Amino acid sequence: MNTRIWQAGRFEIALDKPKIMGIVNLTPDSLSDGGTYSQNVSIALAHAEQLLKDGADILDIGGESTRPGSDGVSLEEEWARVQQVLAEVAKWNVPVSLDTRHTAIMEKALAQGGVDIINDVAALSDEGAVALLAQQPTTGMCLMHMQGLPKTMQLNPQYQDVVEEVARYLKARAAECVQAGIAPERITLDPGFGFGKNLQHNITLIQHLPELMEATGFPLLIGISRKSMIGELTGEQDAAKRVHGSVAAALATVARGAQIIRVHDVKATSDALKVWEALGIIPE
């Protein structure tokens, strides 16, 4: 069977086995790490370097918190948070992802260089985002499903059929990208766990990931790490202490075919995947 390749900027990422995307939050109001790495550039870079040592295949760098209830920040503030870190990690010969939903930030980062992937919780719905990415010959992207906006998305999310509705939305967003001239091998999709979804919605999506992949036809990038659903299932209120539940959830998605997993706790996740791979549990 031919190995699926994710075209991600300077890199062709083979998805023959799960890849780990390590999270570098440069946001002082992050729910999961409390702004630990937003204090200065050197702290953020040291954290990014450690993630790579721990087994990260991709670095995902973000300057705006999109946690439930968040208000967002100005474009100037978001760019100020990420600019220097992006410039430095661009020299490391590792796939670099920028977590942003704003076309203006994408444009600045792509012009600066060294950004291989745009990871967008709004699935390139900001004005001009699809056109901008269509102008880039190789930049990878992740299109995520979100019901509503971060400020209000968790107040009372409603679905008739969460799997079908998420699949339909993601398929439509991918189709718009392809129609604009973006090669399909540049696209991955994210169901958006915790983005306008309650605990049962999240559980149902995990249980039906194979159907979601079949319906959309694209690789899935999954981000569950330290999210509220882990807290609800385990009773752990401190997001930073949700390591064990997060690893279990990541493995559950890999067992159902997820190709990229976005995590905070890279070492724990990497070790778990190594054991699964040695035991032949990871799907071919």
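Coordinates for the structure precede this section.
Fair warning: this is a prediction, and the values are worked out from it, not measured in the lab.

Residue-level account of the pattern of salt bridges, with values.
Applying the stated criterion across every chain, the model contains twelve salt bridges. Here arginine 81 and glutamate 77 are joined by a salt bridge, their closest N and O atoms 2.9 Å apart. Residue arginine 81 and its partner glutamate 77 are located together in helix H2 (residues 75-89), separated by four residues, close to a single helical turn. The partly exposed category is assigned to glutamate 77, whose relative accessible area is 36%.

Got a sec to walk through a nonpolar patch on the surface? Specific residues and values, please.
Together, Val275, Leu279 and Ile281 line one region of the surface with nonpolar side chains, adding up to about 280 Å² of accessible area. Overall, the relative accessible area of 41% leaves isoleucine 281 in the partly exposed class.

Please give an account of the pairing of strand S2 (residues 11-14) that cites residues and values.
Each regular strand shows side chains that alternate between the opposite faces of the sheet. Taking every second residue as pointing to the same face, the buried face of S2 carries Phe11 and Ile13, while none of Glu12 and Ala14 on the other face is buried. Pairing of strand S1 (residues 5-8) with S2 involves four bridges; the strand directions are antiparallel. Bridging across to S2, glutamine 7 finds its partner in glutamate 12. Counting the residues that bridge the hairpin from S1 to S2 gives two residues, and of these glycine 9 lies at a positive phi of roughly 60°.

Criteria and thresholds
Residues numbered from 1 in each chain as written. Predicted model: local features only at pLDDT ≥ 70, side-chain atom pairs only at ≥ 80, totals over all residues. Heavy atoms only, no water. Salt bridge = Lys/Arg side-chain N within 4 Å of Asp/Glu carboxyl O. Helix = DSSP H or I, 4+ residues; strand = E, 2+ residues; numbered from the N terminus. Buried < 20%, exposed > 50% of the residue type's maximum accessible area, 1.4 Å probe, protein only. Patch = residues over 30% accessible without salt bridge, like charges linked within 9 Å, V, L, I, M, F, W, Y side chains within 5 Å. Areas by Shrake-Rupley, 256 points an atom, 1.4 Å probe, with all protein chains shown as cover. Pairing = 2+ DSSP bridges.

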